[in-house]
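Coordinate inspection notes
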Amino acid sequence: MDKFSISRNMGFITGPLMLILGIATYMNHRFPPLSIVMIVMGTVRIGLTIYSYLMNKKDNQA
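To keep things clear, this report deals only with the structure shown in the data block. (Residues numbered from 1 in each chain as written. Predicted model: local features only at pLDDT ≥ 70, side-chain atom pairs only at ≥ 80, totals over all residues. Heavy atoms only, no water.)

Overview of helix α2 (residues 32-61)
The first and last C-alpha atoms of α2 sit 44 Å apart over 30 residues, in line with the 44 Å expected at 1.5 Å per residue. Taken residue by residue, α2 has Ser35, Met38, Gly42 and Thr49 as its buried positions. Against α1 (3-27) lie the buried residues of α2. (Helix = DSSP H or I, 4+ residues; strand = E, 2+ residues; numbered from the N terminus. Expected span 1.5 Å × (residues − 1). Buried < 20%, exposed > 50% of the residue type's maximum accessible area, 1.4 Å probe, protein only. Contact = heavy atoms within 4.5 Å.)

Structure representation (structure tokens):
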């Protein structure tokens, strides 16, 4: 397993975790700026993980 696949697999865990923690803290009105940053970073992490997965899948089919 190379470092890119390990990072992608970790992204499937860390992305939703950051998103859930950001939403939870935003709903409790604790640290609103940090909550918004965590929501954005979680969404970006999920997006990059899915993009990486699809590009790797496309490269393996060719």
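Considerations on a nonpolar patch on the surface
Together, Ile23, Tyr26, Met27, Ile36, Val40, Val44 and Leu48 make up a nonpolar patch on the protein surface, roughly 680 Å² of accessible area in all. For the nonpolar patch, the secondary structure elements donating two or more residues are α1 and α2. With four residues, the single largest contributor to the nonpolar patch is α2. You can see valine 44 is positioned in helix α2. (Patch = residues over 30% accessible without salt bridge, like charges linked within 9 Å, V, L, I, M, F, W, Y side chains within 5 Å. Areas by Shrake-Rupley, 256 points an atom, 1.4 Å probe, with all protein chains shown as cover. Salt bridge = Lys/Arg side-chain N within 4 Å of Asp/Glu carboxyl O.)

Some words on the environment of threonine 14
Structurally, the position occupied by threonine 14 is in helix α1. Polar contacts involving the side chain of threonine 14 include one to the side chain of arginine 45, which spans 3.3 Å. (Polar contact = N/O pair within 3.5 Å; in protein donor to acceptor, adjacent residues only side chain to side chain.)

A closer look at α1
The end-to-end C-alpha separation of α1 is 35 Å, in line with the 36 Å expected for 25 residues at 1.5 Å each. At glycine 11, α1 shows its largest kink, close to 35 degrees. Along α1, the positions that sit buried rather than exposed are Ser5, Arg8, Gly11, Gly15 and Gly22. Buried residues along α1 sit in contact with α2. After α1 finishes, the residue histidine 29 shows a positive phi value of roughly 60 degrees. (Bend = angle between axes of the 7 residues up to and from the residue.)

Overview of the packing of α1 against α2
It is the contact of α1 with α2, at a shortest axis distance of 7 Å, that shows an interaxial angle of 155 degrees. Relative to α2, the element α1 lies roughly antiparallel. In the packing of α1 onto α2, the handedness of the crossing is left-handed. In terms of residue class, the contact of α1 with α2 is made up of 14 nonpolar, 12 polar and two charged. (Axes fitted to C-alpha atoms, helices over the stretch in contact; angles between N-to-C directions. Parallel < 35°, antiparallel > 145°, perpendicular 65-115°, else oblique. Left-handed = near helix turned anticlockwise from the far one by under 90°. Nonpolar A, V, L, I, M, F, W, Y, C, P; charged D, E, K, R; others polar.)

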